[in-house]
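# Summary of structural features
Next come the chains, spelled out residue by residue.
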Amino acid sequence: MNPELLSQPMPPSFLPQVSVVVPVYNGEKDLPDLIDCLRSQTYPREKVEYIIVDNNSSDRTPTLLQDAVQNTPEITLRPLSEPEIQSSYAARNTGIRAATGEFLAFTDADCRPEPNWLLSLIQPFINPKIGIVVGEIAALPGKTLLEQHSEREETLSQKHTLAHPFCPYGQTANLGIRRSIFGEVGLFRSYLTTGGDADICWRILKETEWRLEFAPSAIVKHRHRTTLKELQSQWRRYGKSNRYLHELHGIDLMREFDQREYLYRLSRWVLKELPLNILKAFAKKATLADILSTPIGLLCVQARSQGQREANLSETARKIDSL
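Below is a summary of the structure that appears in this document. (Residues numbered from 1 in each chain as written. Predicted model: local features only at pLDDT ≥ 70, side-chain atom pairs only at ≥ 80, totals over all residues. Heavy atoms only, no water.)

### A short note on helix α3 (residues 88-98)
A large share of α3 lies buried, amounting to eight of its 11 residues. When we look at burial in α3, the residues that qualify are Y89, A90, A91, R92, N93, T94, G95 and I96. Buried-residue contacts for α3 involve β1 (18-24), β2 (48-54), β3 (76-81), β4 (103-106), α7 (181-185) and α8 (196-207). Capping the start of α3 is the job of one residue whose side-chain oxygen sits 3.1 Å from the backbone nitrogen of Y89: S87. (Buried < 20%, exposed > 50% of the residue type's maximum accessible area, 1.4 Å probe, protein only. Helix = DSSP H or I, 4+ residues; strand = E, 2+ residues; numbered from the N terminus. Contact = heavy atoms within 4.5 Å. Polar contact = N/O pair within 3.5 Å; in protein donor to acceptor, adjacent residues only side chain to side chain.)

### Concerning the sheet that holds strand β5 (residues 111-113)
Strand order in the open sheet formed by eight strands is β3-β2-β1-β4-β7-β6-β8-β5, and the pairing between neighbours is mixed. Both outer strands of the open sheet, β3 and β5, are each paired with one neighbouring strand and no more. Adjacent strand axes in the sheet meet at a mean angle of 30 degrees, parallel and antiparallel pairs treated alike. In the sheet, β4 pairs with strand β7 (residues 175-178) via four bridges, with the strands oriented antiparallel. Looking across to β7, one finds that F103 is bridged to R178. Strand contacts of helix α2 (residues 61-71): β1, β2 and β3, with the helix running at about 155 degrees to β3, the strand carrying the most contacts. (Pairing = 2+ DSSP bridges. Axes fitted to C-alpha atoms, helices over the stretch in contact; angles between N-to-C directions.)

### What about the pattern of salt bridges?
Close approach of charged atoms lets side chains of opposite charge pair. Under the counting rule described, the total for this entry stands at 21 salt bridges. E74 is the salt-bridge partner of R39, the closest N and O atoms lying 2.6 Å from each other. Of the two residues, R39 sits in helix α1 (residues 31-39) while E74 sits in the loop between α2 and β3, which places them 35 residues apart along the sequence. Since its relative accessible area comes to 34%, R39 is described here as partly exposed. One salt bridge in this structure joins R97 and D321, with 3.7 Å as the shortest N-O distance. With R97 in helix α3 and D321 in the segment after α12 (293-310), this pair connects stretches of sequence that are 224 residues apart. Given a relative accessible area of 38%, R97 falls into the partly exposed group. (Salt bridge = Lys/Arg side-chain N within 4 Å of Asp/Glu carboxyl O.)

### Some words on the packing of aromatic side chains
Inspection of the entire model under this criterion finds 10 aromatic pairs. Consider the rings of Y89 and F188, whose centres lie 5.6 Å apart with planes at 25 degrees: the pair is stacked. Of this pair, Y89 sits in helix α3 while F188 sits in the loop between α7 and α8; the two residues are 99 residues apart in sequence, bridging distant segments of the chain. A residue is classified by how much of its surface remains accessible, and Y89, at 5% relative accessible area, is buried. Ring pairing ties together the aromatic residues Y89, F106, F182 and F188, which thus form one cluster. (Phe/Tyr/Trp six-rings, centres within 6.5 Å; stacked < 30°, edge-to-face > 60°.)

### As for the nonpolar core
F106, I132, F182, W202 and I204 are the most contacted members of the largest nonpolar core, which has 38 residues in total. Among the elements that line this core, the one with the most residues is α8, at six residues. Setting aside chain neighbours within four positions, we find F106 in contact with V21, R92, I96, W117, T172, A173, N174, L175, I177, F182 and F188. Core analysis: the second largest hydrophobic core is formed by 35 residues, V22, C111, L121 and I122 among them. (Core = buried A, V, L, I, M, F, W, Y, C linked by side-chain atoms within 4.5 Å.)

### Some words on the pairing of β7
On any regular strand, side chains alternate: one points to one face of the sheet, the next to the other face. Both faces of β7 are covered, namely the face carrying L175 and I177 and the face carrying G176 and R178. Inspection of the sheet shows strand β6 (residues 130-139) paired to β7 by three bridges, in the antiparallel sense. Looking across to β7, one finds that V133 is bridged to G176.

### Observations concerning the layout of surface pockets
Taken as a whole, the second largest pocket spans an internal volume of roughly 150 Å³. L31, P32, I35, D36, R39, L64, L65, D67, A68, N71 and T72 together form the lining of the second largest pocket. Breaking the lining of the second largest pocket down by element, the ones donating at least two residues are α1 and α2. Of the residues contributing to the lining of the second largest pocket, the split by class is six nonpolar, two polar and three charged. (1 Å grid on protein atoms, 1.4 Å probe; cavity = no way out; pocket = protein on both sides within 12 Å on 5 of 7 lines; lining within 4 Å. Points joined across faces, edges and corners; volume = space filled by probe spheres on them. Nonpolar A, V, L, I, M, F, W, Y, C, P; charged D, E, K, R; others polar.)

### Notes on the side chain of T72
When you line up the elements, T72 lands in the loop between α2 and β3. With relative accessibility at 4%, the residue T72 sits in the buried group. Beyond its immediate chain neighbours, meaning those up to four positions away, T72 contacts I35, R39 and L77.

Shown next, in the form of C-alpha coordinates:
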(Lines give C-alpha, C1' and ligand atoms only; values in the text may rest on other atoms or scores of the structure.)
Protein backbone atom coordinates (compact mmCIF):
# COMPACT_ATOMS: atom_id res chain seq x y z
CA MET A 1 0.00 0.00 0.00
CA ASN A 2 2.99 2.28 -0.26
CA PRO A 3 2.53 5.07 -2.80
CA GLU A 4 4.10 4.26 -6.15
CA LEU A 5 5.92 6.70 -8.37
CA LEU A 6 4.73 7.46 -11.87
CA SER A 7 6.29 4.99 -14.24
CA GLN A 8 4.92 5.71 -17.69
CA PRO A 9 3.41 8.59 -19.67
CA MET A 10 -0.28 8.62 -20.42
CA PRO A 11 -1.06 7.71 -24.05
CA PRO A 12 -3.35 10.18 -25.84
CA SER A 13 -6.09 7.54 -25.94
CA PHE A 14 -6.37 7.49 -22.13
CA LEU A 15 -8.61 10.48 -21.57
CA PRO A 16 -11.54 9.15 -19.53
CA GLN A 17 -14.57 11.12 -18.40
CA VAL A 18 -13.77 12.97 -15.19
CA SER A 19 -15.90 14.76 -12.61
CA VAL A 20 -14.18 17.39 -10.47
CA VAL A 21 -15.98 17.90 -7.14
CA VAL A 22 -15.44 21.09 -5.14
CA PRO A 23 -17.30 21.91 -1.90
CA VAL A 24 -17.67 25.59 -1.12
CA TYR A 25 -18.90 27.51 1.91
CA ASN A 26 -18.95 31.32 1.89
CA GLY A 27 -16.43 31.30 -0.91
CA GLU A 28 -17.23 34.53 -2.74
CA LYS A 29 -13.61 35.72 -2.40
CA ASP A 30 -12.21 32.48 -3.77
CA LEU A 31 -14.62 31.56 -6.55
CA PRO A 32 -13.38 33.96 -9.28
CA ASP A 33 -9.79 32.70 -9.02
CA LEU A 34 -10.93 29.09 -8.74
CA ILE A 35 -13.08 29.37 -11.88
CA ASP A 36 -10.15 30.90 -13.75
CA CYS A 37 -8.00 27.91 -12.74
CA LEU A 38 -10.67 25.48 -13.92
CA ARG A 39 -10.93 27.30 -17.25
CA SER A 40 -7.17 26.97 -17.65
CA GLN A 41 -7.07 23.19 -17.27
CA THR A 42 -5.40 21.37 -20.17
CA TYR A 43 -7.62 18.30 -19.83
CA PRO A 44 -10.01 18.08 -22.83
CA ARG A 45 -13.01 20.21 -21.95
CA GLU A 46 -15.54 17.78 -23.41
CA LYS A 47 -14.21 15.09 -21.07
CA VAL A 48 -14.68 16.89 -17.74
CA GLU A 49 -17.47 18.37 -15.65
CA TYR A 50 -16.84 20.69 -12.71
CA ILE A 51 -19.33 20.11 -9.91
CA ILE A 52 -19.24 22.91 -7.34
CA VAL A 53 -21.40 22.18 -4.31
CA ASP A 54 -22.58 25.10 -2.19
CA ASN A 55 -22.75 24.02 1.47
CA ASN A 56 -25.43 26.49 2.61
CA SER A 57 -23.39 29.67 2.12
CA SER A 58 -24.69 32.94 3.55
CA ASP A 59 -22.67 35.21 1.24
CA ARG A 60 -22.90 35.73 -2.54
CA THR A 61 -21.59 32.25 -3.40
CA PRO A 62 -24.88 30.96 -4.97
CA THR A 63 -25.20 34.07 -7.15
CA LEU A 64 -21.58 33.88 -8.26
CA LEU A 65 -21.99 30.22 -9.18
CA GLN A 66 -24.99 30.96 -11.37
CA ASP A 67 -23.15 33.88 -12.97
CA ALA A 68 -20.18 31.60 -13.66
CA VAL A 69 -22.41 29.13 -15.50
CA GLN A 70 -23.64 31.94 -17.76
CA ASN A 71 -20.25 33.56 -18.27
CA THR A 72 -18.09 30.45 -18.63
CA PRO A 73 -19.72 28.43 -21.43
CA GLU A 74 -16.40 26.92 -22.53
CA ILE A 75 -16.37 24.50 -19.59
CA THR A 76 -19.14 22.40 -18.04
CA LEU A 77 -19.97 23.90 -14.66
CA ARG A 78 -22.62 22.18 -12.56
CA PRO A 79 -23.56 24.13 -9.42
CA LEU A 80 -25.28 22.00 -6.78
CA SER A 81 -26.40 22.58 -3.20
CA GLU A 82 -26.08 20.69 0.08
CA PRO A 83 -28.15 22.75 2.55
CA GLU A 84 -29.00 20.05 5.09
CA ILE A 85 -25.65 19.00 6.61
CA GLN A 86 -22.96 21.60 7.34
CA SER A 87 -19.93 19.54 6.37
CA SER A 88 -17.59 19.59 3.41
CA TYR A 89 -17.83 15.78 3.30
CA ALA A 90 -21.61 15.93 2.96
CA ALA A 91 -21.14 18.43 0.12
CA ARG A 92 -18.64 16.10 -1.55
CA ASN A 93 -21.11 13.22 -1.26
CA THR A 94 -23.74 15.33 -3.03
CA GLY A 95 -21.24 15.90 -5.83
CA ILE A 96 -20.24 12.22 -6.01
CA ARG A 97 -23.85 11.08 -6.35
CA ALA A 98 -24.43 13.52 -9.20
CA ALA A 99 -21.12 12.81 -10.98
CA THR A 100 -21.14 11.16 -14.40
CA GLY A 101 -17.37 10.66 -14.72
CA GLU A 102 -15.56 7.36 -14.36
CA PHE A 103 -12.98 9.12 -12.19
CA LEU A 104 -13.48 11.76 -9.51
CA ALA A 105 -11.03 14.53 -8.70
CA PHE A 106 -11.35 16.54 -5.50
CA THR A 107 -10.03 19.97 -4.60
CA ASP A 108 -11.22 22.89 -2.46
CA ALA A 109 -12.58 26.33 -3.26
CA ASP A 110 -9.55 28.06 -1.72
CA CYS A 111 -7.12 25.99 -3.80
CA ARG A 112 -5.58 27.03 -7.12
CA PRO A 113 -4.99 24.05 -9.42
CA GLU A 114 -2.17 24.51 -11.91
CA PRO A 115 -3.11 24.08 -15.60
CA ASN A 116 -1.79 20.51 -15.90
CA TRP A 117 -3.23 19.46 -12.54
CA LEU A 118 -6.12 17.35 -13.77
CA LEU A 119 -4.20 15.75 -16.63
CA SER A 120 -1.40 14.73 -14.26
CA LEU A 121 -3.81 13.52 -11.56
CA ILE A 122 -5.69 11.22 -13.92
CA GLN A 123 -2.59 9.81 -15.65
CA PRO A 124 -1.78 7.07 -13.10
CA PHE A 125 -5.25 5.55 -13.43
CA ILE A 126 -4.08 3.94 -16.66
CA ASN A 127 -2.89 1.21 -14.29
CA PRO A 128 -6.08 -0.79 -13.59
CA LYS A 129 -4.88 -1.61 -10.07
CA ILE A 130 -4.71 2.02 -8.98
CA GLY A 131 -7.76 3.25 -7.09
CA ILE A 132 -6.43 6.42 -5.46
CA VAL A 133 -4.11 9.09 -6.85
CA VAL A 134 -2.65 11.77 -4.59
CA GLY A 135 -1.39 15.05 -6.02
CA GLU A 136 0.89 17.57 -4.31
CA ILE A 137 -0.16 20.70 -2.42
CA ALA A 138 2.17 23.69 -2.68
CA ALA A 139 1.95 27.09 -1.03
CA LEU A 140 0.65 30.24 -2.66
CA PRO A 141 3.11 33.11 -2.27
CA GLY A 142 2.84 34.62 1.21
CA LYS A 143 4.52 37.54 2.93
CA THR A 144 3.49 37.25 6.56
CA LEU A 145 5.62 35.62 9.25
CA LEU A 146 3.13 32.79 9.82
CA GLU A 147 2.83 32.06 6.11
CA GLN A 148 6.60 31.89 5.86
CA HIS A 149 6.76 29.58 8.87
CA SER A 150 4.17 27.18 7.39
CA GLU A 151 5.95 27.23 4.04
CA ARG A 152 9.27 26.52 5.80
CA GLU A 153 7.69 23.50 7.50
CA GLU A 154 5.83 22.44 4.31
CA THR A 155 2.74 22.12 6.47
CA LEU A 156 0.35 21.37 3.61
CA SER A 157 2.55 18.98 1.64
CA GLN A 158 1.13 15.54 0.97
CA LYS A 159 4.50 14.03 1.87
CA HIS A 160 3.34 14.13 5.51
CA THR A 161 0.10 12.25 4.89
CA LEU A 162 1.76 9.76 2.53
CA ALA A 163 4.24 8.93 5.32
CA HIS A 164 1.57 8.36 7.97
CA PRO A 165 2.72 5.43 10.18
CA PHE A 166 -0.69 3.75 10.11
CA CYS A 167 -1.36 3.95 6.37
CA PRO A 168 -0.73 6.53 3.61
CA TYR A 169 -3.52 8.84 2.52
CA GLY A 170 -4.14 11.99 0.53
CA GLN A 171 -5.89 15.20 1.52
CA THR A 172 -9.08 16.05 -0.35
CA ALA A 173 -7.52 19.32 -1.47
CA ASN A 174 -5.84 17.20 -4.16
CA LEU A 175 -7.16 13.68 -4.52
CA GLY A 176 -8.40 11.38 -7.28
CA ILE A 177 -10.57 8.26 -6.74
CA ARG A 178 -12.26 5.83 -9.11
CA ARG A 179 -15.99 6.42 -8.81
CA SER A 180 -16.80 2.70 -8.74
CA ILE A 181 -14.90 2.34 -5.45
CA PHE A 182 -17.57 4.31 -3.60
CA GLY A 183 -19.96 1.51 -4.45
CA GLU A 184 -17.62 -0.89 -2.62
CA VAL A 185 -16.76 1.00 0.57
CA GLY A 186 -19.39 3.73 0.72
CA LEU A 187 -19.03 7.51 0.60
CA PHE A 188 -17.52 9.99 3.02
CA ARG A 189 -18.94 10.13 6.55
CA SER A 190 -21.21 13.16 6.13
CA TYR A 191 -21.21 14.29 9.76
CA LEU A 192 -17.46 14.02 10.22
CA THR A 193 -15.99 17.52 10.50
CA THR A 194 -12.32 16.61 9.93
CA GLY A 195 -10.27 13.52 9.09
CA GLY A 196 -12.61 12.31 6.37
CA ASP A 197 -9.86 12.22 3.75
CA ALA A 198 -7.78 9.77 5.80
CA ASP A 199 -10.88 7.76 6.65
CA ILE A 200 -11.95 7.22 3.03
CA CYS A 201 -8.43 6.37 1.87
CA TRP A 202 -7.87 3.92 4.71
CA ARG A 203 -11.19 2.20 4.14
CA ILE A 204 -10.25 1.73 0.50
CA LEU A 205 -6.71 0.53 1.18
CA LYS A 206 -7.60 -1.69 4.14
CA GLU A 207 -10.84 -3.21 2.82
CA THR A 208 -10.04 -3.69 -0.88
CA GLU A 209 -7.14 -4.57 -3.18
CA TRP A 210 -6.98 -1.09 -4.73
CA ARG A 211 -3.62 0.68 -4.55
CA LEU A 212 -2.52 4.27 -4.09
CA GLU A 213 -0.12 6.24 -6.27
CA PHE A 214 1.52 9.63 -5.83
CA ALA A 215 1.48 12.09 -8.76
CA PRO A 216 3.96 14.84 -7.75
CA SER A 217 3.36 16.86 -10.92
CA ALA A 218 -0.38 17.18 -10.18
CA ILE A 219 -0.11 20.39 -8.18
CA VAL A 220 -2.64 22.63 -6.50
CA LYS A 221 -1.61 25.69 -4.55
CA HIS A 222 -3.13 26.68 -1.25
CA ARG A 223 -2.92 29.75 0.95
CA HIS A 224 -1.30 29.36 4.37
CA ARG A 225 -2.91 30.91 7.46
CA THR A 226 -2.03 34.54 8.04
CA THR A 227 -3.09 35.08 11.66
CA LEU A 228 -2.25 33.28 14.89
CA LYS A 229 -5.95 32.58 15.47
CA GLU A 230 -6.25 30.88 12.08
CA LEU A 231 -3.05 28.90 12.62
CA GLN A 232 -4.16 27.65 16.03
CA SER A 233 -7.55 26.71 14.62
CA GLN A 234 -5.83 24.71 11.88
CA TRP A 235 -3.74 22.77 14.38
CA ARG A 236 -6.68 22.19 16.75
CA ARG A 237 -8.44 20.64 13.78
CA TYR A 238 -5.45 18.35 13.22
CA GLY A 239 -5.74 17.25 16.85
CA LYS A 240 -9.47 16.61 16.51
CA SER A 241 -8.83 14.61 13.35
CA ASN A 242 -6.38 12.41 15.19
CA ARG A 243 -8.88 11.73 17.98
CA TYR A 244 -11.61 10.85 15.48
CA LEU A 245 -9.28 8.53 13.54
CA HIS A 246 -8.21 6.94 16.82
CA GLU A 247 -11.87 6.14 17.49
CA LEU A 248 -12.59 4.96 13.95
CA HIS A 249 -9.38 3.13 13.03
CA GLY A 250 -7.48 2.59 16.26
CA ILE A 251 -4.48 4.73 15.35
CA ASP A 252 -2.22 5.99 18.13
CA LEU A 253 -3.04 9.30 19.74
CA MET A 254 -0.41 12.00 19.38
CA ARG A 255 1.91 12.26 22.36
CA GLU A 256 1.26 15.42 24.37
CA PHE A 257 4.08 17.53 25.79
CA ASP A 258 4.14 18.12 29.54
CA GLN A 259 5.23 21.41 31.10
CA ARG A 260 8.81 20.22 31.55
CA GLU A 261 9.16 19.47 27.84
CA TYR A 262 7.78 22.87 26.83
CA LEU A 263 10.24 24.55 29.21
CA TYR A 264 13.15 22.45 27.96
CA ARG A 265 12.45 23.26 24.32
CA LEU A 266 12.01 26.96 25.02
CA SER A 267 15.23 27.01 27.04
CA ARG A 268 17.14 25.30 24.26
CA TRP A 269 15.71 27.82 21.82
CA VAL A 270 16.75 30.82 23.96
CA LEU A 271 20.22 29.53 24.80
CA LYS A 272 21.21 27.80 21.56
CA GLU A 273 18.93 28.24 18.55
CA LEU A 274 18.11 31.93 18.95
CA PRO A 275 21.72 33.25 19.13
CA LEU A 276 22.77 31.01 16.24
CA ASN A 277 19.89 32.08 14.00
CA ILE A 278 20.40 35.75 14.84
CA LEU A 279 23.99 35.44 13.64
CA LYS A 280 22.76 33.70 10.50
CA ALA A 281 20.24 36.50 9.96
CA PHE A 282 23.02 39.10 10.03
CA ALA A 283 24.74 37.01 7.35
CA LYS A 284 21.43 36.89 5.44
CA LYS A 285 21.28 33.11 5.85
CA ALA A 286 18.21 33.05 8.10
CA THR A 287 14.85 34.83 8.19
CA LEU A 288 12.52 35.85 11.00
CA ALA A 289 10.59 32.64 10.32
CA ASP A 290 13.79 30.68 11.04
CA ILE A 291 14.44 32.65 14.22
CA LEU A 292 10.92 32.15 15.63
CA SER A 293 10.35 28.63 14.32
CA THR A 294 10.51 26.92 17.72
CA PRO A 295 8.02 29.12 19.65
CA ILE A 296 5.58 29.11 16.74
CA GLY A 297 5.94 25.35 16.44
CA LEU A 298 5.26 24.91 20.16
CA LEU A 299 2.08 26.98 19.86
CA CYS A 300 0.98 24.62 17.06
CA VAL A 301 1.76 21.58 19.22
CA GLN A 302 -0.24 23.07 22.08
CA ALA A 303 -3.22 23.78 19.81
CA ARG A 304 -3.08 20.25 18.38
CA SER A 305 -3.06 18.76 21.87
CA GLN A 306 -6.02 20.92 22.86
CA GLY A 307 -7.97 19.75 19.81
CA GLN A 308 -7.18 16.12 20.55
CA ARG A 309 -8.34 16.46 24.17
CA GLU A 310 -11.55 18.32 23.32
CA ALA A 311 -12.69 16.23 20.34
CA ASN A 312 -15.80 14.11 20.82
CA LEU A 313 -16.83 11.80 17.98
CA SER A 314 -20.62 11.74 17.69
CA GLU A 315 -22.54 8.61 16.78
CA THR A 316 -23.84 10.27 13.61
CA ALA A 317 -20.24 10.91 12.50
CA ARG A 318 -19.60 7.16 12.51
CA LYS A 319 -22.24 6.59 9.83
CA ILE A 320 -20.95 5.80 6.33
CA ASP A 321 -23.15 7.18 3.57
CA SER A 322 -24.00 4.96 0.63
CA LEU A 323 -23.73 5.72 -3.06
